[in-house]
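Observations on the three-dimensional arrangement
Now for the letters of each chain:
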Amino acid sequence: MSDSRRPRLLVVDDHAKVLRALGLLFKREGFGCRSATDPTAALDLCRNETFDLALIDLNFTRDTTSGEEGLNLLSAIRTLDPEMPVLVMTAWAQISLAVEATRRGAADFIEKPWSNDRLLQIVNTQLELSRTRSRNRGLQATARLLGGTDEPLLSEDPGFKKVMSLLDKVAPTDANILITGENGTGKGMVARRVHRRSPRGAAPLISVNMGAIPESLFESEMFGHIKGAFTGALESRPGRFEIAEGGTLFLDEIATIPISQQPKLLRVLETGEFEPVGSSRTHRADVRLISATNADFPELIAAGRFRQDLLFRLNTIEVHLPPLRDRGDDVLVLAEHFLKELATRYNRRFQGFARGAMSQLQAYDWPGNVRELRHVIERAVLVAAGPVIEAGDLALQTALRRPGLDGMTLAEAEKYLIQTTLDRFGGNAVRAAEALGVSKSAIYRRMEKHGLGKGSA
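Structural notes, computed from the coordinates.

Definitions and limits used
Residues numbered from 1 in each chain as written. Predicted model: local features only at pLDDT ≥ 70, side-chain atom pairs only at ≥ 80, totals over all residues. Heavy atoms only, no water. Buried < 20%, exposed > 50% of the residue type's maximum accessible area, 1.4 Å probe, protein only. Helix = DSSP H or I, 4+ residues; strand = E, 2+ residues; numbered from the N terminus. Arc of directions from axis to C-beta. Contact = heavy atoms within 4.5 Å. Polar contact = N/O pair within 3.5 Å; in protein donor to acceptor, adjacent residues only side chain to side chain. Axes fitted to C-alpha atoms, helices over the stretch in contact; angles between N-to-C directions. Left-handed = near helix turned anticlockwise from the far one by under 90°. Nonpolar A, V, L, I, M, F, W, Y, C, P; charged D, E, K, R; others polar. Pairing = 2+ DSSP bridges. Patch = residues over 30% accessible without salt bridge, like charges linked within 9 Å, V, L, I, M, F, W, Y side chains within 5 Å. Areas by Shrake-Rupley, 256 points an atom, 1.4 Å probe, with all protein chains shown as cover. Salt bridge = Lys/Arg side-chain N within 4 Å of Asp/Glu carboxyl O.

Here's the deal with helix α2 (residues 39-48)
Structural remark: α-helix, 3.6 residues per turn; residues separated by three or four positions point the same way. When we look at burial in α2, the residues that qualify are P39, A42, L43, L45 and C46. Around the axis of α2, the buried residues are gathered within 155° of arc, so they sit on the same side. Summarising the geometry of α2, the exposed residues directed more than 90 degrees from the buried face are T40, R47 and N48. The elements touched by buried residues of α2 are β1 (8-12), β2 (32-36) and α3 (68-80). Two or three places before T40, at the start of α2, stands the capping residue D38, its side-chain oxygen 3.0 Å from that residue's backbone nitrogen.

Points about the packing of helix α6 (residues 158-170) against helix α7 (residues 187-196)
At a closest axis distance of 9 Å, the pairing of α6 and α7 adopts a crossing angle of 35°. Between α6 and α7 lies a crossing whose hand is right-handed. Across the interface between the two elements, M164, L167 and D168 from α6 touch V190, R193 and V194 from α7. Of the residues in the contact of α6 with α7, the class split is 4 nonpolar, no polar and 2 charged.

Points about the sheet that holds strand β6 (residues 177-180)
Spatially, the 5 strands line up as an open sheet ordered β7-β8-β11-β6-β12, and their pairing is parallel. Each end of this open sheet is capped by a strand with a single partner; those strands are β7 (205-209) and β12 (317-320). Each strand axis lies, on average, 15° off the axis of its neighbour in the sheet, ignoring direction. Across 4 bridges, strand β8 (residues 248-252) lies against strand β11 (residues 288-293) in parallel orientation. Across the sheet, the residue bridging to F250 is I290, located in β11. Strands β6, β11 and β12 of the sheet are contacted by α6, whose axis makes an angle of about 155° with β12.

Describing helix α20 (residues 440-450)
Turning to α20, its buried residues number three or more, namely A442, I443, Y444, M447 and H450. Note on α20: the residue one or two positions beyond its end, G451, has a positive phi of about 70°.

Regarding a nonpolar patch on the surface
On the surface, Y346, L382 and V383 cluster together to form a nonpolar patch covering roughly 260 Å² of accessible area. Taking relative accessible area as the criterion, Y346 reaches 30% and is therefore assigned partly exposed.

Rendered as structure tokens:
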């Protein structure tokens, strides 16, 4: 079902008053509605038109008590459109009939006379679930097309290889994983690798930058909301847990969750249950959780900014990705790989790196880690004049000598100040924001403006 148009409902009942009442109710809610008075007419409509939900009576004029006509109609509709939710309605509220309707694929069961509020709640819930399933099918198809191979995690470093070996062992399980390390060390790439190598690999991998979610929207973003739950909630929306159903939820910058919101995440981790904002209906979350951070958790816990019990739930398996400067010859291994990849992308041919360029790559401290290395090589591929990447093509001299602010423009000075502060706090944007005297949202806006720390690390 498309989110950009109003839902279309099919209502089937042999009483004109029922059809009229339901038609007015659904029109008032903004739904499109078509009606039929018997199973034959209903099936003709299903063959010729597209509907998002069907509400059908189980008893018709020919047989007013057994429900067999309605059950046969239910089966026929499910054959024509297995994905469309079908609600069944009858005045004969027999348990055996409800069980049989469910067995044949009914999404829910409604008794006559109905409550408008309950009926609308069930309809909206089923429409939202249908939307979510449709999104997930699209994500799964994309994952199958684009996610068939791992991104290369090239390394000759024994410590890094040991980390990868551990992750490959736990990938087939549902254990929660906490990945720590500086910005740019590859935390997002590692999360994608774990997801692909798990039984959930064909299902969605949903990534969320927790530091970019305002505190006031945390519940809605993570758990969803129903229409009218708050000002501006013009339609129901699923949260990240529901969108990731059956797959993996990757929570980057996990340490930035406000302390007031942490109990809500802890509840999902402990019980697997949550409610969308404004709803009393409990959902169960079937997701695998992978988190990432560059934070110092003992310091945050001591300062009362992170719950220890939440940390225990997040780090069933904890792995630390070493910074690039501690990975020996991996700088050159990765530089060669990026050179080949980016030369192909930009249709350039190179013989490799000059000796001076290799010396400079090894001497540089790489505060931005693998992400920064890739950006440097990409820039060199674009500006190099000859078949060999020279030291000057890398443009690392300025970064090596750490200049003062003299001669910089205001934008350059702001970028330099943010970058050096991020480096001082190991890439922790929240601590950098506090040191610079700006809000968390302001630091993320400025980081995005200057291309600092983009994407999941």
